[in-house]
Amino acid sequence: MACAALLSCARESITPAETFDWCSQPIAFSPPPPRWQRQGDGGGGTIGVRFILTGGGGQCISVAAFTSFAERDRKVMLARLIARRDSLTQREFLHELSLARARTDDPLSDREARTSLAINAALDRATEDDLGAQPGFVTSDLEQALRAAQEYEMTLADVLPRVRLHPEEMQEPQRWRIAYERDTVIAGHPAFASDDTLITPERPLLYREVFWVVHGDAFKATYQGTPENFKTFVTLLDSISFPDSTHAAPR
Amino acid sequence: MRRRADAAALALLCALSPCCSHPVARAFTVGTHHVRLVPPAEWEVLEHDREHVFRRGEMAIDLVDLGPAGAAGMVRDLHDARAVWMKGRRLDAFARVRALRGPPLVFATSDERAEVWREWYDATYDPGRADSAAIGLAFDELGDRVRRLRPVPRASLVEYVLESFPQAERNQIEQQSQRPVNGRQWTEVHTWNRISHLGRSRIAFVDDGGHVLALAIDRGPIEITGPVFESLLGSIEVKPDSSRTP
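Think of each chain on its own: its residues are numbered from 1, step by step along the sequence as written. Ligands are numbered from 1 and chains lettered from A, in the order in which they are written. It should be noted that, the model being predicted, local features are given only for residues of pLDDT at least 70 and side-chain atom pairs only at 80 or more, the latter also being counted only at that level, while totals for whole chains, interfaces and linings use all residues. Note that water and hydrogens are dropped before the side-chain values are worked out from all heavy atoms of the structure.

Regarding the pattern of salt bridges
Definition used for salt bridges: Asp or Glu carboxyl oxygen within 4 Å of a side-chain nitrogen of Lys or Arg. The full count for this structure, using the stated rule, is 34 salt bridges over all chains. Taking the shortest distance from any N to any O, the salt bridge between Asp105 of chain A and Arg103 of chain A comes out at 3.4 Å. On the basis of relative accessibility, which here comes to 39%, the residue Arg103 of chain A falls in the partly exposed class. A salt bridge links Glu181 of chain A to Arg164 of chain A; the shortest N-O distance between them is 1.9 Å. Remark: Arg164 of chain A occurs in the loop between helix H7 (156-163) and strand E6 (176-186) and Glu181 of chain A occurs in strand E6; sequence separation between them is 17 residues. You can call Arg164 of chain A partly exposed: its relative accessible area is 24%. It is possible to trace a salt-bridge network through shared partners that takes in Glu115, Arg118, Glu119, Glu141 and Arg145 of chain B. The classification of residues rests on relative accessible area computed with a 1.4 Å probe and restricted to protein chains. Under 20% of the type maximum is buried, over 50% is exposed, and intermediate values are partly exposed. Helix and strand assignments follow DSSP, with helices taken as H or I runs no shorter than four residues and strands as E runs no shorter than two, numbered in order from the N terminus.

Quick word on the confidence of the model for chain A
All names here are of chain A. Within a predicted model, pLDDT stands for the predictor's per-residue confidence, ranging from 0 to 100. The pLDDT averaged across chain A works out to 89; a share of 92% of its residues lies at or above 70. Note that residues 1-11 has pLDDT below 50 and, in this model, zero contacts with residues that lie over four places away or in other chains. Whether two residues are in contact is decided by their heavy atoms, any of which lying within 4.5 Å being enough. Under a pLDDT of 50 for its full length, residues 247-251 has, in the predicted model, 16 contacts with residues more than four places off or in other chains.

Let's talk about helix H6 (residues 132-147) of chain B
An α-helical turn contains 3.6 residues, so a residue and the one three or four places further along point in the same direction. All names here are of chain B. Each helix should span, by expectation, one fewer than its residue count multiplied by 1.5 Å. The end-to-end C-alpha distance of H6 is 23 Å, a good match for the 22 Å that 16 residues give at a rise of 1.5 Å each. When H6 is considered as a whole, its buried residues turn out to be Ile135, Gly136, Ala138, Phe139, Leu142, Gly143, Arg145 and Val146. Along its buried surface, H6 packs onto helix H2 (71-86), helix H3 (90-98) and helix H5 (110-124). As used in this structure description, the phrase polar contact means that two N or O atoms lie within 3.5 Å; if the pair is within protein, one of them must be able to donate a hydrogen and the other to accept it, and residues adjacent in sequence are counted only when both atoms belong to side chains. Put simply, Asp131 is the residue that caps the front of H6, since its side-chain oxygen is 3.2 Å from the backbone nitrogen of Ala133.

Describing the sheet that holds strand E2 (residues 33-37) of chain B
In a beta sheet, neighbouring strands are held together by backbone hydrogen bonds and run either parallel or antiparallel to one another. Residues and elements named next belong to chain B. Strand order in the open sheet made by the three strands is E1-E2-E10, with antiparallel pairing throughout. Strands with a single pairing partner mark the edges of an open sheet, and in this sheet they are strand E1 (26-30) and strand E10 (237-238). Two strands are said to pair when DSSP picks up at least two bridges between them. Both E2 and E10 contribute to a ladder of two bridges, which runs antiparallel. Residue pairing across strands places Val35 opposite Val238, the latter belonging to E10.

Structure (structure tokens):
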């Protein structure tokens, strides 16, 4: 009997890895066993998936990508604009130029602010040169904008102050107990982990968050549950890998 | 005598009993395609010409004629429209031409599309007054221009098929493969929700003489619809070049 239970437990802990394309950097991991019911998870600038333990009284695991940060990256947009430029009318091109501008409000860091200003300055020149019928200069301006965008890649240090748990910003700050913070590694990439506690009316629950950034895309994994189920979260974290971005499915 | 009567009773009982019944393949005409397949037991079949629906409760699987797969199929549709025109049904023929679609036209640039239609609409912008000789020439010209459209790669054909099913359009391709089914090479696509990988579904299609025949899960949980889809797909026999048969 005990052997069967062990076997079933071992079998339950291993599920095939799935690759998710929430942003330009795909992420692969083995989802928890089926008793953790799956749901799509969006909102708060993230897209991801949440696994809720059936009958677990609010215990859940989630993995998500910060798409709000990914949208600040202008590299893909500028590269596409350069590729499509010849097939656009002047009106369409100027419209696309305006959409390619970088955000300058609320920068994540001084480096990002400088990059955004450099991109926008190059795009301003591209607009002037296009209106001045100087197509050669427009090409050069667009390439400068792309080079400026490529020089910046978001790091964990840039996003951490924004994404880590701040109880005072939560609806019921008294429910959160901040405990330990530590540096760790996820699939060879530096990560930040916090080991906190969530006080629920029924019982205190572990509240673990891990944040990391890969190739400029930020991710987080969260565990909210009892110590007994914590190993499921650890198994999921251990299974995380980052396939080449060319893996991304076309749709 | 008694033994013979027992045997006859047993045979009758067996014939009436569900355990002795075998699934029976039925012939269907789906748009231009003539197929034989085994309908799933306890699922009703709604035959709607180009779209047949296999339905049970809230679950549904569609077998659909999606029209031309390429320029050859589009030219064939134009020939059909021309035949209607030759019978004196001018407005019906024009309506058929207006409904002409296919991957090469969908994936053409707007300039290419305008070029395809230019001569046709120059000749037929006023259907009541259009000269018959001009209409004949416009049919010829339209056919030639359709033939000159760039053929689409297989990936674009898959995209075209997925876009024909609104429930699949927002999904992501999980995997796709080619598989032979009763002598035909079908393309099978598994899809799922991009965010959560829930909402799994399946679509399979075959190029049958220039027209696309597609089988797709429309509604229902994959745990139930998946095996039914598999049995339907496994049983489909598409008559050779059935889309050429009137």
